[in-house]
Structures are given as structure tokens and as C-alpha cells.
Number of protein chains: 4
Amino acid sequence: MKPTPQQHFGSDNYAGICPEVFSAMSDANHGHAVSYGDDEHTQLACDKIREIFDADCEVFFVFNGTAANALALSSLCQGFHSIICQQQAHIQVDECGAPELFTHGAKMLTAPGVEGKLRPEDVLRLASNPEDNFHSHLPRALSLTQNTECGTVYSPSELSALTAAAKQKGLYTHMDGARFANALVTLNCHPADITWRAGVDVLCLGGSKNGLGLGEAVVFFNKSLAKDFDRRCKQAGQMASKMRVLSSQWLGLLNNDVWRRNASHANDMAQQLATGIKAIGKININYPVQANAVFANFPDATAQALHQRGWHFYEFPGAGYRLMCAWDTAPETVEAFLADLNECLPSNE
Amino acid sequence: MKPTPQQHFGSDNYAGICPEVFSAMSDANHGHAVSYGDDEHTQLACDKIREIFDADCEVFFVFNGTAANALALSSLCQGFHSIICQQQAHIQVDECGAPELFTHGAKMLTAPGVEGKLRPEDVLRLASNPEDNFHSHLPRALSLTQNTECGTVYSPSELSALTAAAKQKGLYTHMDGARFANALVTLNCHPADITWRAGVDVLCLGGSKNGLGLGEAVVFFNKSLAKDFDRRCKQAGQMASKMRVLSSQWLGLLNNDVWRRNASHANDMAQQLATGIKAIGKININYPVQANAVFANFPDATAQALHQRGWHFYEFPGAGYRLMCAWDTAPETVEAFLADLNECLPSNE
Amino acid sequence: MKPTPQQHFGSDNYAGICPEVFSAMSDANHGHAVSYGDDEHTQLACDKIREIFDADCEVFFVFNGTAANALALSSLCQGFHSIICQQQAHIQVDECGAPELFTHGAKMLTAPGVEGKLRPEDVLRLASNPEDNFHSHLPRALSLTQNTECGTVYSPSELSALTAAAKQKGLYTHMDGARFANALVTLNCHPADITWRAGVDVLCLGGSKNGLGLGEAVVFFNKSLAKDFDRRCKQAGQMASKMRVLSSQWLGLLNNDVWRRNASHANDMAQQLATGIKAIGKININYPVQANAVFANFPDATAQALHQRGWHFYEFPGAGYRLMCAWDTAPETVEAFLADLNECLPSNE
Amino acid sequence: MKPTPQQHFGSDNYAGICPEVFSAMSDANHGHAVSYGDDEHTQLACDKIREIFDADCEVFFVFNGTAANALALSSLCQGFHSIICQQQAHIQVDECGAPELFTHGAKMLTAPGVEGKLRPEDVLRLASNPEDNFHSHLPRALSLTQNTECGTVYSPSELSALTAAAKQKGLYTHMDGARFANALVTLNCHPADITWRAGVDVLCLGGSKNGLGLGEAVVFFNKSLAKDFDRRCKQAGQMASKMRVLSSQWLGLLNNDVWRRNASHANDMAQQLATGIKAIGKININYPVQANAVFANFPDATAQALHQRGWHFYEFPGAGYRLMCAWDTAPETVEAFLADLNECLPSNE
């Protein structure tokens, strides 16, 4: 069996726009609409997010996750503040200085945590710089990634313990929810349980990794932090003129639970992958598979051989090779990959 | 006759995505594609822009015009530099400090020019701060808007004279081409004639006002200025992960001359509007109508009455009321507006 | 008569450190002192400023006036805010983008006012951008220069009217008091009358133009605006390690009314200059001489001839030639200058 | 024996201005001098630095070390670049985000090295992010501290090996020379041997820790990096108007080898301290004592007892208690401290 054409495990952003989102964008593409968000699609999308989270929150749509994180953090921090995060966090490793640029100098304080998850004791330790030491950045925000960069998921109680530690040290809590939906369906809880009810002040709700063409939503549960956020977006070049192009996609994703179905499917495919890899039996899987990623210790030669057969996936130093499933990953693709993997292992050559 | 539903003269960004662009985006939405621009759609779109401009230029796709302008200028200027522009320029009036943010403090030096167009003498005068006066910003860039915020168009020779003045003073030339296509079809010249052959170093080529859903292209004819621009985009939150969503739209717009047809149509509608207004006979039109905008001195009561009939358009202090036509403005909409306008004039009430 | 050696009218910062300040710095230069401001000299200097202004204000010492202004404004404004100031204000003309850098993009909105002074109607007009227009900077601060760049002085009632206009528009008021002492002695009022009693939120109190070697004090009457200002200074490279070197100079200047005597003397010398110029009879003086500057319309040839005789002074386009008196300007220097001026006038050649 | 009044081991910036520097400042404080550096004192001080380093370098005087480091790095790096430094470096730990602010987001990449010194292999490893990975900062500068924060000194050959590694990776080399003189006298070499001849591009030459009242010099051996540095200083609020107040101090420090004598004395006092501590016999000294600091593992109770006797010194987590000697530390003060130390040790209580 050959791999389904053009499907890979490189990233969930290799996938295209899911059909429901595409349809919603198409439906909204008629006639004229007032620009910069003063249109009905945007209103409906914001209301839908308020309904989903059961919260009177402030909602803004920006173009990508880097911007969402950096602008949200710039609402919490000034340049002389620091941000506590796990050492593999996207804001630390993969945003080329966006948080530092938009906060005007804030510094990340990092800890490895366990299985990609920070622990309350990490927060307490990293936030110990006393208020009166003005030589160092003043800790101001805790940033949590749900699910984590390791594909693990924080439980509601873990989140509550972390935000309690943050509050004890006077920190706001930001959540990078690039893959929030994947965590949500794993936990099978109410979205509020892993956000505002667990003490999260602002959530960057990911869309592009779960079926949108582009765009993330910045959701302020702590509304006082949203002051002037529209101007912040405008100044940062993150205010879409044809806002309905973004917001209609969100409607397509959030209505009828598409976002949950997409995430569930991706998670299921990761489980199928992990099960298959375990069945093969010689490959260590590095973290509990709780969302849509599998980190596996392939021999390098095996990885090379798989690349030569056309499979895309990336190495994460210290964490093995990452196999990422998307809303559109087909079970047949997983099976084809597993078959190739089996053939590419050293003992089978 | 009633206005065509949901069509207005508020802005060319009130319009949706044109059919050819939507189709191209749909066509590209299959299977997996490598993210961050390393895909075939993006390669094709860049090549198409090089072909159109007959230039070995560097091309980058960002999310909107504010970002395009601010990031392009940040490649030209540091915070202690100044930028010469017309006083109504978008970078001066409508970007809420984006150029200042991304350049880290550069200052706009402005002149009114004539009919929205800067003149070489304006450039020479504004750039007269001597190099050894470090108390003030050092002039470093000329920013020209084609077509202008007043709906007027620079000729190739006007542009060449301006960029010659800029070069004489050691300035780079940036072009805000949010409505570049509208100018191009008016001039009926080669795109190179009003860009690199006229001395332009970097063009922000507009798409969202001409049929795209979102996105602008930053085109460096002076390739040395493009150094590290990908990192600059990434740090600014302007690097799309699913880049094909942007680049496929560009392919839809640029292939088969759709961009020229869209712009021609919008310009024609502006002519129809201007002709109709002149025929009514009591309303002054403020600038030569050379692109897709008409600035008309309606009595305020007339404007109010038109607003009450459901028409959207904006007042520009000192320039009257702006009527902006889009790629989808219907001739019937123009006629319906003119009829309502006639009825709303004082003498007819 | 020859000019007193090495005295000029170039600027009040051409003068050295006045004797009382030098002595105080010398007196403080014994033994070890805790660094970064936790020393007795700094405590005494802060208390002295509180006593002088009869206010429980927060006081910080920074290295120069550009830093004082830019950091104070950065406490009031974010990058999407605008600052209203007179068009010749130092923050607009002479700080090479420091306010824009430290505020991360705030924009100056300027008016010419009358005789270098803004009027309440200027403030109301410039601050008219509505809160809900996020395309432009949101007005947030009024910056007044006391005395003005034209050598004129705002009265307490003028200041109160201006800050009332500011408050009406939701603006904070910053005062650039680089030459505050010169205004104070002209008005012969209590320092509180032209600061917090007149509605000023934060004052940058100048020292280097009135006898200090370097340094300005940032005085927050609105203490809530001073939050984290020590960290802001530290991050900006404006926190002196040997703080007593700055603060002891302030003690030398403020104790025994040295600051008033220095300023009075400089103002008197400006009056002597102005009287002498008027007596010569052919030269227009551009503004009321209310502080330590005289702006005179010398013929350019006369200015050139004076420069050749060794006199330093600068041309201010549109305002003539500026003659600036310092704490150490000798009456004999004034007389020598007037004699040379008389000889260099066209009719006398 | 009692401690010499008001002497401590808290920091070398607890000391005042040394007599030769004070005299030079006094000598320069006559008459008027052109401001902003266009005066003879400043010219002489720049020339003296060129003579000392035997180099045609560009020299700028700024107010403190944080500003010197941050502005020098901002000439080398943009916000999407990273800077390699030892993990205790001042730029990483003690500047509250100044480097991040002035570079607009550059990131520190740190390694512990050995005894406070980076090794070439650390540089090669940290700089391994490939040029085409735009998700992370691009390594651009190596920053070395001479002497180190641990009081150790890089030899010329160690520096050459480090800058060779930097060059191999395309990095510039910055040296934080806050205590450069202390390293110089230890090495007893030519200043060029540990700067430009060893591959250093720009040196921040410290003054305030070696007898100046305030001020550091930024010395560009790679002159192309100094382009527009005067404007950079001006915009940052780091351009002194009465520049002679800074530059005359430098003349006092550099003429007649005062800077070397001051540094030698401080180093000698550290040796005396270390010898005395070793003689007491129960206290571990953490790093080789190669400059003016001793890091000693006092029992916490001993440190407390010494503090109660009036001694100032600080704890450095992981490195024990730091005893820092200054240009004015008296041998009697060292002896008094050692006597108190002996009395405060547990076994003696």
C-alpha cells in the first residue's frame, strides 16, 4: 500500500482548510461588508466564542499564533517584566523574538518541567526575583501551552495549581492554545474548566492547526487586560480590513462542533500511530500520547529511509522524531506509514 | 430604483473575494503542503510577480498593507531616520504608529504637495537636515503612494523626478501600492515603468483592495534591502504557516490579468460616478478622478440623507466625501446612488 | 573691549558646573556609599525637591533631558497614543526620536500656538480624534515646555487653562522643564503654582542648563504614573550606579536657593542683551524676552561677522538668531557682544 | 581594630571619584565649551584612547555600562538576532532588559562555561542554529566579559580562540569591559592584545568601577559598526550636553596611568583578602582570584554576623558571597574585615 498522496506527518499546518470552514468563508463572501470587524460575521463569531466558553470575554481575531501570543503578552507585560514558560514553549523557541519585540524586551524564564509540563514549584522558583531588585526583569506572566509542545495535556487541576502559584507571585496567566481543541477533546471537559475557571486570564485560541486557513483568536477572560487591544492589533499590522474573511472561517470551525471533531480525529490518528509503533516493538515513544503528536525514537537511518520514501516529519533534538496528525490525516496514511516504518527498521533491512 | 443590496462606496475593502481568487484558493486547498512558503503555489506566485515586473526581485507575502508598509520601511530605516511622505499618506494617518513601532522611532516628514502628490521640491526641502545634525532624525526614505490617497496618479516621469530628488539626498524610495493596479491601468504602461525603472526600491503591492481576501506582497527591486526580511516577517507575526492560502490567492489575481480587469472596472465605475455627479451639476469634485475614488463636496445634509438611505461612505476632512469603487461595484449601484444623490440635494428637497 | 574669554551665547549648556554644585559634589565624594540611589545624598535630594514643591511626589534622577522627557512620556503613553506639543518643542525637534523609541511609536501632534505657547483651543482641536477610531493614534498626553523654546513663559492661569483642556480630553500633562527655574523666577510664584496646582502630572526638572554638570529630575506629582519607573530607568540605561554623583549636585543647586539665583542671573543678562539690542535700534526681537533667551533678527552678514569675531550662537529658522544666557554670563560679556554687534551692522561697515 | 569608616566590599561602585579624576574634571570646569562633544577635552580623551589601544578606533562616551553594552549590541544585532554570552553575564542578568529593548528583541543564548569563562566549544554549539531556520533568532554576536563576573580573566590566546569560533559562525565580538583595567593589569599585556588583536570588534570600556564618577566609553575597533552611533546615542538619551564633564574625567583616569594604578590596587586588595581567608583556613574560595573580586563560601550565619557588624557585601546564588575591592580599598580595611570574619566563624563563637 502506498501513502495517500500528499499526506504527511510534518505538521498539522501542512493540512489545508477543512470543508466546513471553506464553506463558511464562501457563504460570507457576498456583497459588501463593513471593514475592520464591524460586520455581522465577526459579531457572530465573537458571540459563539463567548457561548462556548460560557464567559463574557473580549475576543479579537489576529492573523497567526505568533502574533496572538506576542500581542497578548504585550498586554500583560512591559519590557522590564519576565515571562515564565516551559523551555520548549513556542514563545521561547519558535517565534524569532516576537514576544520580546512586542513587549519591548520582556525575558523568558524557563524550566524543563516534566513531560513538557511546568509544575507549580517551577513557577514559584522562577518567580522568586524580589520586587525591589530592579536589576533583573520583574516576573509578571506565566505562559502555559495547552496541549504542550510534547503532546501532553494539562488537567484542570494541574492548571489550577499552576495559576494559583502564579497568583501567589502576582503573575497573570497566558495560555498558548495553538492546539487547545486537541487538549479539550482529550480531557472531555467544558472549555471553561481549562481556561477561566482554572485561572487563565487570556487564551490564544488556535485555529490554523485545526482546519482554518489562517488566524487565531485572542480571548481575554480578564477583560481589564483587553484595554486598547484593538489599537494594539492595528499598530502591529494585525487588524484585517476584510475581517469577515477571518471571522467567517471561525464560524465554520466552531459551529456544529467541527473544531471538536477535527481535533478528535487528529488525536485518534495519533493513537493509531502510537499503537502501531508499539506493536512494531523496537521504538521508544518519548511522551504520553495525549493529543495529536507522537514523538518516537527512530534510528536516524530509519528516519532517512522514510524521508527517501517521501514522508515528511521533523526531528526535535532531545525528543526524537515528531509525527504530527492533522484534521485530515487518513487512517490509510497511518497504515502506509507504519508499513514503511517497519520495512525501514535496521533489523528488517 | 433601489441600491443593489449590500453594495456601497465606503471602501474598496468592503468588497469580498473575487471569483477567480476564490477559485484559485479552492484549487490549492488539496492535500498537504509544506508550510511557511516552501510550497509550489508560493513559488509560482513569486515567479509570476517577477514575470509581471520583468525583474529579478525578492517577493514576500504578508497579511495586510499596514504590515507591508511598516516592515518594508523598517528594512530601509532605523529609529533615528525620517521618512518623507505626503501629509495624507496612509503611513502617516491611518496605521496607528505601525511604521514608528517597526522602525523603532522613525519620524514622518510631511508636505501637502499638490492634489495629493509630492513634488521633487518638497523632497529636497524636507530632506535638508544636514547629516551632522544628530539632534534630529536623518532623512532616509521617500515614501510615495500610487495611486495617492486623493485618487490621483503619478506619471512615470513624475516618479522618476521624485526618486531622482530622493537619490540626490541619499534616500531610498518606498512605494505604498495599496491601489497600484488602479494606477497601472490608468497609465496603461508596463509595471516596471512605475516601479524599478522609475527608481523605486521597494513596492508594497496591494491585493486586498483589488479582489484578494487579504494580503499584500512586498517586492524588493533593490534586493540588498531584502536581507533577513523573512526573519523580519517571522518576528513581526507576519509569516503565514499555511502560506499557500495567501499565495494561491495571488495566483488567482495575477494570472489571466484579473488584477488589471478588476482595477479597470473599479476605475470605470469611479468615472461613471464622477460623470453623473458632474451632470447633476451643483457639486464640486475635489481632485482629478484618475483611479477608483471620487472626492465630492456634498452638502453635509445631503450626506446625512444618503446615509439614512443606507449608503456607506466616509468624510475626509478638507477633502469632502469619498466615494470608493471596488472590483464588484455594479453600474446599477452607481446609477441608484446618483438618483438618490439627486433627490437628497437641498434644492430638490 | 574684548569678549570675556570663552564666554558665548551658544547655549546655556556651554557653561560649566557652578561653584556651589561643584562643592556639593566634592563634599559627597568621601568613603563608600551604597549604589543605585540607596544613599543619604539621594534621599536628601529627593526630600529637598518634595519640600520645594510642597508635595508628596516621586523623584528620580536621570542623566539628561532627552531621557527625562522620553521616559516620563513612556510612563504616560503607549505606542498607539499621541502627544500634543508645540511645533518647536524639544521632544518634536531635538531628541532624534527618543520619545518615539521609548514610547514604542507614539506620535507628536503639533501646533504653532502663539509666541511659542500652545493655547487651550490648540489642545482641544488636536485631541479631537475620537476614541473609537483605532486607525490613528489615540491622544493621551499634553506636553508643555516651561519656559518655551521661544523664551516665553506660561503664567499659572495659562497653564491651568491648558491642563483643564487636557483633562477634558482625557490627557495627562507632562512638563518639559529644562529651563523651569528661569520661568519660576520670572513669575516669582511658588513652584507648586506652575506644576501640580496647575494640573501638571509629571515634571522633567532641568538641571544641566542651570549649573549642574549633568542630570535632570523626573518629578511625578501624580504618583500612580511613577509605578515601576525605577525599572524603566534601569532598562533604559538611565540608572546611575554612583547615584550620589548626580544627587549631590542637586543638593548643591537646590540648597540655599542657588537654582533661583542662577536662573535670575541668566534672565537678567538676557534683559541686558535685549535692552542693548533695542538701544542699537535696527534689529527686531522676535518674542517677549521672559527668560534667558533673546531671538533677534540680525542680518545674516552681521551674524557671519560676529561669528568671525569668535561669538557662538545659533540660527533658528523662522525665529532669527538665538542668544542664550547662562548662570555665568558676565555683564562685561554682554557689553562686549553689543559693541561688536553694533560694529557689525551693515550701516556701520 | 575597627573597619575604616565607610569602606565596604559591596561593590567597586560604592567607591567615590578618585582624586586625579576629580582634579581633571575641576580643571576642565572653566569658561564655556561647545556642547555635545565638539570640545577639546572630548577630542583629547578620544585621542588618548586611540593612543592607548594603538588603534584608529571610533570612541563614544555614554553615561553607564548598561547603556554602553545595550547600544553597542544594538549596532551589531537586530531584534531577530541572538547574542551568545556566559550565563552570569551582566547583559543577561543585571540589565533589566536593556539589550533586548535597544536591539528590539535579540535573545541571549547562554552557557555556564568554566569558572565564568565561555569556551570556543560553547560558542560553536550555541551558534549552530542554521541560517535558513527563521523560526529562531539568528546568532549574530558573541559577548565576552573581561574580567568575568566570577573575577576570572581571559588570556589573549583564550580570547583569540573564542573570536575565531565566533568568526567561523559569522558572529561579531563584543566585550563588556566594565572591569577591563583589572584584567589588563593582571595580564600585564598591551591593551590591543586583549581587544582588536584578539579579534574584538567593539569594547565597552568601563570607568565607573575604576575611579570615574560615571561613564563608560564605547570603542569600535571595527569602525564600520560605528555608523550613526552618535545618532543612536542621541536617540537613547545617552548624549551628554556638557560632554566635557564626562570626557575630562576620562582624561584624569587615563593620563599618567591612573587607570592601571587604580586597578592594580584593587586587585592587590583582593589578593590580600584571599590570602587572609585562606589563612583562616575553613572557607572555600570559589574561583581563581584574578582580578578584584573574591567569592567565598562563608557560612550564612557568618555572613549575617558580618552584616551586623556593618560590613556590606552580597550573596551570589551558587557562587557564595562576593567581596569586591575598589581603587580606594585600604589594607587596614581588609585586615579589619579578616579579623571580624575570623571572630564570626562558627567554631569561634
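The text that follows walks through the structure, step by step, so that each part is easy to find. Owing to the predicted nature of the structure, the values given are computational and were not obtained by experimental measurement.

Before going further, it helps to spend a moment on the overall build of chain A. Looking only at helices and strands, chain A features 13 helices and 10 strands. On C-alpha atoms alone, chain A measures out to a radius of gyration of 20 Å, which is about the 20 Å that the 2.2 N^0.38 rule sets for 349 residues. Along the three orthogonal principal directions, the C-alpha set of chain A runs to about 60 × 55 × 35 Å. Per-residue burial for chain A yields a buried fraction of 67% across its 349 residues. For chain A, the proportion of contacts with a sequence separation of at least 24, taken over those separated by at least 6, is 77%. Summing over all exposed atoms, chain A offers an accessible surface of approximately 11300 Å²; the carbon and sulfur share of this is 48%. For chain A, the distance from the average site of its 26 positive side-chain charges to the average site of its 37 negative ones is 3 Å.

With that settled, the discussion passes to the sheet that holds strand β8 (residues 293-296) of chain D. Residues and elements named next belong to chain D. One open sheet holds the 3 strands; their spatial order is β8-β10-β9, and the pairing between them is antiparallel. Sheet topology places β8 and β9 (314-316) at the edges, where each strand pairs with a single neighbour. Across the sheet, the mean angle separating the axes of adjacent strands is 35° when strand polarity is ignored. Across 4 bridges, the pairing between β8 and strand β10 (residues 320-324) is antiparallel. Looking at the pairing, Ala296 lines up with Tyr321 of β10.

How two helices pack is summed up by the angle between their axes together with the distance between the axes. Residue and element names in this part refer to chain D. Contact pair helix α11 (residues 258-280) / helix α13 (residues 331-344): the axes reach a minimum separation of 10 Å and the direction vectors enclose 25°. In terms of orientation, α11 lies roughly parallel with respect to α13. The way α11 lies across α13 gives a crossing that is right-handed. For the pair formed by α11 and α13, the contact residues are Met269, Gln272, Leu273, Gly276, Ile277 and Ile280 on the first element and Pro331, Val334, Glu335, Phe337, Leu338, Leu341 and Asn342 on the second. Looking at the contact of α11 with α13 residue by residue, the classes come out as 9 nonpolar, 3 polar and 1 charged.

Residue and element names in this part refer to chain C. Most of strand β4 (residues 138-145) sits out of view: 7 of its 8 residues are buried. Bridging between β4 and strand β5 (residues 172-177) involves 5 bridges; their strand directions are parallel. Bridge pairing in β5 places Leu144 opposite Met175. Regarding the hand of the β-α-β motif, the stretch spanning β4, helix α7 (residues 156-168) and β5 is right-handed.

It is worth spelling out the relation of the copies chain A and chain C at this point. Of the transformation superimposing chain A on chain C, the axial component is 0.1 Å and the angular component is 180°, with the fit at an RMSD of 0.0 Å. The relationship between the two copies is best expressed as a two-fold rotation axis. For chain A, the smallest separation between a C-alpha atom and the rotation axis is recorded for A:His104, amounting to 3.9 Å. Both copies contact each other with a shared surface, as 100% of the interface residues of chain A are interface residues in chain C too.

Turning to the relation of the copies chain B and chain A, a few remarks are in order. Structural alignment of chain B on chain A gives an RMSD of 0.1 Å, achieved by rotating through 180° and translating 0.0 Å along the axis. Of the residues that chain B buries at the interface, 100% are likewise interface residues in chain A, meaning the two copies contact each other through the same surface.

Before going further, it helps to spend a moment on the environment of D:Gln43. Topologically, D:Gln43 is positioned in helix α2 (residues 40-53). Taking C-alpha positions, D:Gln43 is 35 Å from D:Gln88, a pair spaced 45 residues apart along the chain.

Let's shift gears to helix α12 (residues 300-308) of chain C. Residues and elements named next belong to chain C. Those residues of α12 not exposed but buried are Thr302, Ala303, Ala305 and Leu306. Considered in projection along α12, the buried side chains sweep an arc of 160° and stay on one side of the axis. In α12, the exposed positions that point more than 90 degrees away from the buried face belong to Ala301 and Gln308. Backbone geometry just downstream of α12 places Gly310 in the positive-phi region, at approximately 100°.

So, on to the pairing of strand β10 (residues 320-324) of chain B. All names here are of chain B. Within β10, 5 of the 5 residues are buried, which leaves the element mostly enclosed by the surrounding structure. Two elements, strand β9 (residues 314-316) and β10, share 3 bridges in a ladder whose sense is antiparallel. Bridge assignment links Tyr314 to a residue of β10, and that residue is Arg322. Between β9 and β10, which pair antiparallel and follow one another directly, the connecting turn spans 3 residues, one of which, Gly318, has a positive phi of 90°.

Glancing now at the pattern of salt bridges. This structure, assessed with the given rule, holds 64 salt bridges over all chains. Note that D:Lys107 is salt-bridged to A:Glu100, the shortest N-O span being 2.5 Å. Taken together, the residues D:Lys107 in strand β3 (residues 107-111) and A:Glu100 in helix α5 (residues 98-103) connect one chain to another. Like A:Glu100, D:Lys107 is buried.

What describes a pair of aromatic rings is the distance from one ring centre to the other and the angle between the planes of the rings. Taken as a whole and assessed by the stated rule, the structure comprises 78 aromatic pairs over all chains. Aromatic pair B:Phe60 and B:Phe220: ring centres 6.0 Å apart, planes at 85°, arrangement edge-to-face. Within this pair, whereas B:Phe60 is found in strand β1 (residues 58-62), its partner B:Phe220 is found in strand β7 (residues 216-220), the two being separated by 160 residues in sequence. Across this residue pair, the class does not change: B:Phe60 and B:Phe220 are buried. Each member of the aromatic cluster is reached from another via a ring pair, and the members are A:Phe9, A:Phe298, A:Trp311, A:Phe313, A:Tyr321 and A:Phe337.

On to the interface of chain B and chain A, then. Each partner contributes residues to the interface: chain B has 52 residues there, and chain A has 52 residues. Taken over both partners, the interface formed by chain B and chain A buries close to 4400 Å², and the fraction arising from carbon and sulfur atoms is 55%. Among the residues of chain B in contact with chain A, B:His32, B:Gln235 and B:Lys242 are the three that bury the most area, contributing 19% of the side total. The interface formed by chain B and chain A holds 0 salt bridges in total. Where the side of chain B that touches chain A is concerned, the elements lending two or more residues are α1 (19-28), α3 (65-76), α5 (98-103), α9 (229-235) and α10 (243-254) of chain B. Taken together, the residues of the side of chain B that touches chain A sort by class into 21 nonpolar, 23 polar and 8 charged.

Our focus in this paragraph is the sheet that holds strand β8 (residues 293-296) of chain A. Residue and element names in this part refer to chain A. Read from one edge of the open sheet, 3 strands run β8-β10-β9, paired in antiparallel fashion. On the outer flanks of this sheet lie β8 and β9 (314-316), each paired with one strand and no other. Taken pair by pair, the neighbouring strands of this sheet meet at an average axis angle of 35°, ignoring direction.

This paragraph deals with the interface of chain A and chain C. Contacts between chain A and chain C engage 23 residues on the former and 23 residues on the latter. Approximately 2100 Å² of surface area, both sides summed, lies buried where chain A meets chain C, with 53% of it carried by carbon and sulfur atoms. Sorting the residues of chain A by area buried against chain C places A:Phe80, A:Phe134 and A:Arg231 first, and these three jointly supply 40% of that buried surface. Viewed at the interface, chain C and chain A are joined by 0 salt bridges. Viewed at the interface, chain C and chain A are joined by 13 residue pairs in polar contact (both at pLDDT 80 or more). Of the residues in the side of chain A that touches chain C, the class split is 6 nonpolar, 11 polar and 6 charged.

What counts, and at which threshold
- Residues numbered from 1 in each chain as written.
- Chains lettered and ligands numbered in written order.
- Predicted model: local features only at pLDDT ≥ 70, side-chain atom pairs only at ≥ 80, totals over all residues.
- Heavy atoms only, no water.
- Helix = DSSP H or I, 4+ residues; strand = E, 2+ residues; numbered from the N terminus.
- Rg over C-alpha atoms; globule rule 2.2 N^0.38 Å.
- Buried < 20%, exposed > 50% of the residue type's maximum accessible area, 1.4 Å probe, protein only.
- Contact = heavy atoms within 4.5 Å.
- Areas by Shrake-Rupley, 256 points an atom, 1.4 Å probe, with all protein chains shown as cover.
- Lys, Arg positive; Asp, Glu negative; His and termini not counted.
- Charge placed at Lys NZ, Arg CZ, Asp CG, Glu CD.
- Pairing = 2+ DSSP bridges.
- Axes fitted to C-alpha atoms, helices over the stretch in contact; angles between N-to-C directions.
- Parallel < 35°, antiparallel > 145°, perpendicular 65-115°, else oblique.
- Left-handed = near helix turned anticlockwise from the far one by under 90°.
- Nonpolar A, V, L, I, M, F, W, Y, C, P; charged D, E, K, R; others polar.
- Right-handed = clockwise from strand over helix to strand, strands pointing away.
- Least-squares fit on C-alpha atoms with pLDDT ≥ 70 in both.
- Arc of directions from axis to C-beta.
- Salt bridge = Lys/Arg side-chain N within 4 Å of Asp/Glu carboxyl O.
- Phe/Tyr/Trp six-rings, centres within 6.5 Å; stacked < 30°, edge-to-face > 60°.
- Buried area = accessible area lost by both parts, 1.4 Å probe.
- Polar contact = N/O pair within 3.5 Å; in protein donor to acceptor, adjacent residues only side chain to side chain.

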